[in-house]
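Topology and contacts: notes
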Amino acid sequence: QVQLVESGGGLVQPGGSLRLSCAASGSIFSIATMGWYRQPPGKQRELVASITSAGNINYADSVKGRFTISRDNAKNTAYLQMNSLKPDDTAVYYCNRDQGYKGNYWGKGTLVTVSS
C-alpha cells in the first residue's frame, strides 16, 4: 500500500498563488506517474497535471501557463505551484500516484478556494 498526503490548500484571493505538496510513503515503486486532479463543487474530477518518472509533463488546457507540476523523487513528493489563481480553480485537489501493475493510489484531497 501507498499513502499519499496532500498539503498546502487554503483560501486565496483571485490572482494569488498556492503551492500544493503530495508526500508518498509505504510501498513506493520508483517507476510511477504522479498527477494532480481536482473536483470543483458539483462537477466531476478532472486531470490538472501529471508528471512521469522520466519527467514528461502534461497539463490541462485550463491551467497551462499558470500551474507548474514538479517532483522530488528522493523525497517521494510531488508539487503543484499554482499562480494567477481564478475563482474557477476552486476545487478539492487530489494527488494520484500510478505505479502501473503495482497499484494506483489517491490522497484524501485538499481544498483550494479562490475568492475575494
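Above this text is the structure in question.
Notes on the packing of aromatic side chains
Aromatic ring pairs are defined here through the distance separating the ring centres and the angle between the ring planes. A full pass over the atoms with the stated rule returns one aromatic pair. One residue, Arg45, lies across the ring of Tyr94, its end atom 3.7 Å from the ring centre.

Examining the sheet that holds strand β1 (residues 2–7)
The strand order across the open sheet formed by four strands is β1-β3-β8-β7, and the pairing between neighbours is antiparallel. The open sheet has two free edges, formed respectively by β1 and β7 (67–72), since each of these has just one partner strand. Taken pair by pair, the neighbouring strands of this sheet meet at an average axis angle of 15°, ignoring direction. Relative to strand β8 (residues 77–82), β7 runs antiparallel, the two sharing six bridges. Residue Ile69 lies in a different strand from β8, and its bridge partner there is Leu80.

Here's the deal with the side chain of Arg97
Mapped onto the secondary structure, Arg97 falls in strand β9 (residues 91–98). The residues touching Arg97, leaving out its near neighbours within four places in the chain, are Val2, Leu4, Ala24, Ile28, Phe29, Ala32, Thr33, Met34, Arg71, Gly103, Asn104 and Tyr105.

Some thoughts on the pairing of strand β11 (residues 110–114)
Residues Thr110, Val112 and Val114 point to one face of β11 and are all buried, whereas Leu111 and Thr113, pointing to the other face, are not buried. Bridge count between strand β2 (residues 10–12) and β11: three bridges; the pairing is parallel. When the bridges of β11 are listed, Leu11 appears paired with Thr113. Sheet analysis places β9 next to β11, joined by three bridges and oriented antiparallel. Bridge pairing in β11 places Tyr93 opposite Thr110.

Considering the environment of Arg45
Note on placement: Arg45 falls in the loop between β4 (33–39) and β5 (46–51). The sequence separation of Arg45 and Tyr94 amounts to 49 residues, and the corresponding C-alpha distance is 8.9 Å. Arg45 has contacts with Tyr37, Arg38, Gln39, Tyr94 and Trp106, leaving out every residue within four places of it along the chain.

Rules used in this analysis
- Residues numbered from 1 in each chain as written.
- Predicted model: local features only at pLDDT ≥ 70, side-chain atom pairs only at ≥ 80, totals over all residues.
- Heavy atoms only, no water.
- Phe/Tyr/Trp six-rings, centres within 6.5 Å; stacked < 30°, edge-to-face > 60°.
- Lys NZ or Arg CZ within 6 Å of the ring centre and 35° of its normal.
- Pairing = 2+ DSSP bridges.
- Helix = DSSP H or I, 4+ residues; strand = E, 2+ residues; numbered from the N terminus.
- Axes fitted to C-alpha atoms, helices over the stretch in contact; angles between N-to-C directions.
- Contact = heavy atoms within 4.5 Å.
- Buried < 20%, exposed > 50% of the residue type's maximum accessible area, 1.4 Å probe, protein only.

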